[in-house]
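Close look at the chain arrangement
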Amino acid sequence: MSDNARRVISVIVINEASVLSRITDLFSGRGYNITSLTVAPIPESRYSRLTIVTAGSVRVIEQITKQLHKLIPVLKVYEHCDLVEKEMALVKFPITENLSDISTLCGAYNGKIVDVSESVIIVMVADEPKRVDNFLSVVKKFHPKEIVRSGAVALER
Amino acid sequence: MQINGAQMVIEALIAEGVDTVFGYPGGAIMNVYDEIYKQDNFKHILTRHEQAAVHAAEGYSKASGKVGVAMITSGPGFTNAVTGLADAYMDSIPLVVISGQVPMSLIGTDAFQEIDAVGISRSCTKHNYLVTDAKDLSRVLKEAFFIARTGRPGPVHVDIPKDVTAQMGEFDYSIEVDLETYKPNTVGNPRQIRKAMEAIASSKRPLFYLGGGIINSNAAYEVRELVKTTGIPAVETFMARGTLSHDDELLISMLGMHGSYAANMAMSETDMVIALGARFDDRVTGKLSEFAKNATVIHVDIDPASISKLVNADFPIVGDIKNVVTEMLSLASQIDSEKYESWRETINNFDELHPLTFHEDSERLKPQWVIKRVGELLGDSANISTDVGQHQMWAAQFYPFSRPRQFISSGGLGTMGFGFPAAMGVKAASPQKTSINITGDGSILMNIQELMTAVEQKLPVINIILNNNYLGMVRQWQSLFYGKRHSQTDLSVQPDFTMLSQSFGGLGYRVTTKEEFDAALKDAVEKNIVALIEVMVERHENVMPMVPSGGSLFNMMLLEKKKEKK
């Protein structure tokens, strides 16, 4: 593994006040970086699941995993190897762009037009983060006005 | 029965068997102080600064092995206590620190004496709580004590808004602590321990690297047994002083930046490091890539995150030192102590080549002599706290420690001002021993107001100030690495320490000779009142040996050979 490889870590935490600060403080306090972070409650439990995309050497990732584990409200930490990973993006285009081309492209990335108003359309795509990167670079020529990415979510196979 | 939140705090402290609380009242914690007034189950010691309250709780905890308790108010009361929390966090000292907070309705409004206390303490505590309902208080306090003392110990901060301490509710402390997310592993993997012992048996130059975790785990006597049985020499970290007795033939000395030549050379030459509750701190290892370069590493620690953090462990063992060492002892017969005779010989030769010593001076007292002398006069009968700086290193190098929990000092954070309040806590925990604080002319002024506490509470701490009119350790670095530019370290302007102490009702001495020192110490011990003994020592003495910051452990600056006087 290269010295700064991208890694995805999932963390199961008790869904309580300030638990997210505990996680992000740990990253900033120890000088680890966060590429993206998503969090949502796990249905019918008192836990939430965080998916953190980070980067670092084997040793750094091992430390991150152990330090996360040391936090009292953390139940489990998974450092993923074999996983399914998806990310969503919302993109706003002027309505004057070529809508059929945009729509076709969205289709290729598990997406569609989700909202239309007088001057703009909003599309969504949901795919692997790398493919979302790719989509966003391809649609540059349609002059996107705003882009929102959700950050990655992941599940071990 | 319904009681209010403040009464719940009192009930919880009683249930935990707390006998001493260090603290300072203020607006947001007044409900609790009102209940303290009404009870006599535990003693409250009023320090004169919140930082001192937490340091005193640390000293109390380190000397007794129990959880230390401090209580403070919101805002500045809390921020003053943060240094103590950080200090306890770095040195893994179990504390529960309870702070008042503005009422729930005012949180977030920039109310008087409001600060986001849990936001601040998050990064310097093992865990923290903001209690938003009195019904949570019994559970939170029980968890706080449990988390503080189990696993790798540490400080836990509980922030309680004023209206919560007034709120009525049911109190039930019989609940079991059940933390699904916190289950420290205390028993080392037996197969891994067996493999480690086999590896030790086949090594040629093994070395015990003893750390502060041994003291926390109350495992010093098991470790003494293991060292004796195996005949393997040992070095101690600063935090582990007292694990082995000073007269143990297998104890080399302290290692690290100011470790002895033999200890650092042994660590550089060993082929098998057996780390017990030590964390490979930068002040111990020097340049990491050169540290114990040819050694296999066995690392036993209760904190998995400490293992392979800095030095890769070939045999990682997660568990409580006491359990693991007991297990190791049961397998120790396979280790042939005689096999290491020549290795022990090598180490003895290192020690004879450059022993840990200093040069006496007929003109001025040497600081090292003072430490040794205290050791000769008080030895085992004293507990030794220190502040931070040169005097701290000399104390660690030259005091003849004979038991665990005898040496109380701020290792990880290096907090000047720690020593005096800590020594008060030590005295409160261990009244039958003389409580000495070895300090410097810089450090002592950082919590000098505690003279008042010590006088009022009859905590006869003897502060021995090694006065060199310098911020000595910084001066030493400036002399060695900054072209002798002594920037802001000359402390020539000083109070009259004798009068200072006397003005609080304590004893004061200023000594310049050996005879005066002996007389002053004897007098202070007899009179049993807090004392400042100001010892005028050689100004330019350096702590040696010294591994320059970032240098390899085996590249030490050494004590210069004594010049022959004609």
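Residues numbered from 1 in each chain as written. Chains lettered and ligands numbered in written order. Predicted model: local features only at pLDDT ≥ 70, side-chain atom pairs only at ≥ 80, totals over all residues. Heavy atoms only, no water.

Here's the deal with the interface of chain B and chain A
Listed by partner, the interface residues are 19 residues for chain B and 18 residues for chain A. Surface buried jointly by chain B and chain A totals about 1600 Å² across both partners, of which 48% is contributed by carbon and sulfur atoms. For the pair chain B and chain A, the interface holds three salt bridges. Across the pair R46(A) and E180(B) runs a salt bridge whose closest N-O atoms are separated by 3.7 Å. Where chain B touches chain A, the interface holds nine residue pairs in polar contact (both at pLDDT 80 or more). Here the side of chain B that touches chain A is composed, by residue class, of eight nonpolar, five polar and six charged. (Contact = heavy atoms within 4.5 Å. Buried area = accessible area lost by both parts, 1.4 Å probe. Salt bridge = Lys/Arg side-chain N within 4 Å of Asp/Glu carboxyl O. Polar contact = N/O pair within 3.5 Å; in protein donor to acceptor, adjacent residues only side chain to side chain. Nonpolar A, V, L, I, M, F, W, Y, C, P; charged D, E, K, R; others polar.)

Quick notes on the sheet that holds strand β4 (residues 68–72) of chain B
All names here are of chain B. Overall, parallel pairing links the six strands, which are arranged β3-β2-β4-β5-β7-β6 in an open sheet. A strand with exactly one partner marks an edge of an open sheet, and here the two such strands are β3 (43–46) and β6 (127–130). The sheet shows a mean angle of 20 degrees between the axes of neighbouring strands, direction not considered. As defined by bridge partners, β6 adjoins strand β7 (residues 155–161) across four bridges and the pair is classed as parallel. Considered in β7, the bridge of H127 is made with V156. On top of the sheet, helix α1 (residues 5–15) reaches β2 (20–23), β4, β5 (95–101) and β7; it is set at about 165 degrees to β4, its chief contact. (Pairing = 2+ DSSP bridges. Helix = DSSP H or I, 4+ residues; strand = E, 2+ residues; numbered from the N terminus. Axes fitted to C-alpha atoms, helices over the stretch in contact; angles between N-to-C directions.)

Thoughts on the side chain of R122(B)
Summarising the element assignment, R122(B) is placed in the loop between α5 (117–121) and β6. According to the relative accessible area criterion, R122(B) is buried, its value standing at 15%. Among all residues touching R122(B), those that are not within four sequence positions of it are S18(A), S21(A), R22(A), D25(A) and N128(B). (Buried < 20%, exposed > 50% of the residue type's maximum accessible area, 1.4 Å probe, protein only.)

Some thoughts on the sheet that holds strand β7 (residues 120–127) of chain A
All names here are of chain A. Taken in spatial order, the four strands of this open sheet run β6-β7-β5-β8, and their pairing is antiparallel. Each of the sheet's edge strands pairs with one partner strand only, and the pair in question is β6 (112–116) and β8 (146–156). Each adjacent strand pair in this sheet contributes to an overall mean axis angle of 20 degrees, direction not counted. Sheet topology note: the strand β5 (residues 83–94)/β8 ladder contains nine bridges and is antiparallel. For V84, the partnering residue across the bridge sits in β8 and is L155. Taken strand by strand, helix α3 (residues 99–108) contacts β5, β6 and β7, and its axis lies near 20 degrees from that of β7.

Notes on the pattern of salt bridges
Throughout the structure, instances matching the rule amount to 38 salt bridges over all chains. A salt bridge links K70(A) to D303(B); its shortest N-O distance comes to 2.8 Å. Residue K70(A) is found in helix α2 (residues 58–70), and its partner D303(B) is found in the loop between β13 (296–301) and β14 (315–318); the two belong to separate chains. For D303(B), a relative accessible area of 3% puts it in the buried group. We note a salt bridge from R149(A) to D133(A), for which the minimum N-O separation is 2.7 Å. With R149(A) in strand β8 and D133(A) in helix α4 (residues 129–138), the pair connects residues that are 16 residues apart, well separated along the chain. Judged by its relative accessible area of 35%, R149(A) falls in the partly exposed class. Residue classification places D133(A) among the partly exposed positions, given a relative accessible area of 39%.

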